[in-house]
Amino acid sequence: MGFLLLPNSSISSIFASKERGMIEPGKKQDERSIVGTAKLVTRDKILFPTTEIAQQNIIPPLVSALKNSADQNAASFHFPGHNRGWAAPSSLVQLIGLKPFIHDLPELPELDNLFSPEGPILEAQKLASKLFGSSETWFLVGGTTCGIQAAILATCSPGEYLILPRNSHLSAISAMVLSGAIPKYIIPEYDCQWDITDGVTLSQVEKAIKELQMEGKKVAAVFITSPTYHGICSNVTDISKLCHSYGIPVIVDEAHGAHLGFHHKLPCSALQLGADLAVQSTHKVLCSLTQSSMLHMSGNIVDRERISRCLQTLQSTSPSYLLLASLDAARAQLSEKPETIFNNAIDMAIETKNLIRNIPGISVLDTPVFSNFPVIDPLRLTFGFWQLGLSGFEADEILYRDHGVISELVGTHLLLLQLTLELVGTIFRGLHLE
């Protein structure tokens, strides 16, 4: 597919398709379907990439427990009401099949308890903690939203101050309402050309701490977003050192950075840089199901029991084991080759940026745009089209209408494409000029 945004452009294809062998459920290995260009991709049948059917020697503990429980030949007189698929709505069965219902189980004894784990959930969380380098990790079924809320509730008491950027996620605002914390806002710098804000600087945090101390106010925590939606990373190392010198914990909204630290060309993770709490949307760039996230803790500044109690207050008492198992599976997938799993995606991102920089009229968001923030996630591809007289919305419409491309984020001046482990159908290859 191509951008086809340049008037009288000689560019025939910016984004070309990559043919892949796919296996349909229930068919033999040699019966293949080829996914061609974006326009030819259909979704009436579920197709599984052959490269993703990994034959693991060890099944992840929570995945294994869920499989064993679902395989039991037992009469079920418990929730949920679809009774392991026997009473599942036919319209949804036609869409996703019976297996999601068969494995949609409640808190049976063999499946452990999310809020007092002793079995497979505890084992799965410990494995995640080891992989991500935390002292403790909690699985979240309420998304990063509930993780951020728990982190703020666990560190801030009524009347205490939370230092945070003014453009923080809504969950941070609601957490202050719930906790009674008072905001001390930092105003990030704004780039009018790109219509985006950058991260938080060390000097901004230091100024906010000193201002509150001069007023006799207690700073309970510092909250920052790194990386931002556009992949811009703050200097978490120096900010953490500064805050720790005052005995202040650092909370990082790392929703867009669960993959950080797993390749030498990726920025380091917040925990690697000294943060006390980091909340990650495992479902964004990694491969768990939507709404599943993790909360990681490092060090001993924050009370882990308080975090556990806050999470129990905020999360459902009927957690989805499909979501929990997907977190365990995503962890296992990353554990197989943590240092190389992003090789292809990063190579593709670098190649694509280099190629698109040579196209007149299209701008690429890169580190020189924000001199105070030299680190940016290479898997975030942000392009601007103002030199072509196009808004991000107009460019996005062209890509979707003419080429079947769906972007991650669209703004007034830009659109953002996110590269993940696999791109089925359309892939950033084969740019050529005629």
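Everything that follows concerns the structure shown earlier in this document.
Parameters at a glance
- Residues numbered from 1 in each chain as written.
- Predicted model: local features only at pLDDT ≥ 70, side-chain atom pairs only at ≥ 80, totals over all residues.
- Heavy atoms only, no water.
- Salt bridge = Lys/Arg side-chain N within 4 Å of Asp/Glu carboxyl O.
- Helix = DSSP H or I, 4+ residues; strand = E, 2+ residues; numbered from the N terminus.
- Axes fitted to C-alpha atoms, helices over the stretch in contact; angles between N-to-C directions.
- Parallel < 35°, antiparallel > 145°, perpendicular 65-115°, else oblique.
- Contact = heavy atoms within 4.5 Å.
- Nonpolar A, V, L, I, M, F, W, Y, C, P; charged D, E, K, R; others polar.
- Pairing = 2+ DSSP bridges.
- Phe/Tyr/Trp six-rings, centres within 6.5 Å; stacked < 30°, edge-to-face > 60°.
- Buried < 20%, exposed > 50% of the residue type's maximum accessible area, 1.4 Å probe, protein only.
- Lys NZ or Arg CZ within 6 Å of the ring centre and 35° of its normal.

Scanning the model with the defined rule gives 11 salt bridges in all. Between Arg304 and Glu136 there is a salt bridge, and its shortest N-O distance comes to 2.3 Å. Within this pair, whereas Arg304 is found in helix α9 (residues 304-314), its partner Glu136 is found in strand β6 (residues 136-140), the two being separated by 168 residues in sequence. A salt bridge links Arg401 to Asp402, with the shortest nitrogen-to-oxygen separation between them at 2.9 Å.

The geometry of helix α1 (residues 61-70) relative to helix α10 (residues 321-336) is characterised by a closest axis approach of 7 Å and an angle of 140° between their N-to-C directions. Classified by the interaxial angle, the pair formed by α1 and α10 is oblique. Packed against α1, whose contacting residues are Pro61, Leu62, Val63 and Leu66, the element α10 presents Tyr321, Leu322, Leu324, Ala325, Asp328, Ala329 and Arg331 at the interface. Looking at the contact of α1 with α10 residue by residue, the classes come out as nine nonpolar, no polar and two charged.

Spatially, the seven strands line up as an open sheet ordered β6-β14-β13-β12-β11-β7-β8, and their pairing is mixed. Each edge of the open sheet carries a strand with a single partner, namely β6 and β8 (182-186). Put simply, the sheet's adjacent strands are angled 20° from each other on average, direction ignored. Sheet topology places strand β13 (residues 277-280) next to strand β14 (residues 293-297); four bridges connect them, and they run antiparallel.

Once that is clear, we can look at the packing of aromatic side chains. Here the structure, examined in full by the defined rule, presents two aromatic pairs. With 5.5 Å between their ring centres and 85° between their planes, Phe132 and Phe262 make a pair best called edge-to-face. One end of the pair, Phe132, is in helix α4 (residues 120-132); the other, Phe262, is in the loop between β12 (250-253) and β13, and 130 residues separate them in sequence. By relative accessible area, which is 8% here, Phe132 ends up buried. Their ring planes at 90° and their centres at 4.8 Å tell us that Trp194 and Trp386 sit as a pair that is edge-to-face. Separated by 192 residues along the polypeptide, Trp194 in the loop between β9 (190-191) and β10 (196-197) and Trp386 in the loop between β16 (380-384) and α12 (392-403) bring together distant segments of the chain. Under the relative-accessibility criterion, Trp386 is labelled partly exposed at 24%. Here the guanidinium or amino end of Arg166 rests over the ring plane of Tyr185, the centre of that ring lying 4.4 Å away.

Looking now at the pairing of β6. The buried fraction of β6 is high, at four of five residues. Sheet analysis places β6 next to β14, joined by five bridges and oriented antiparallel. Paired with Thr137 across the strands is His296, a residue of β14.

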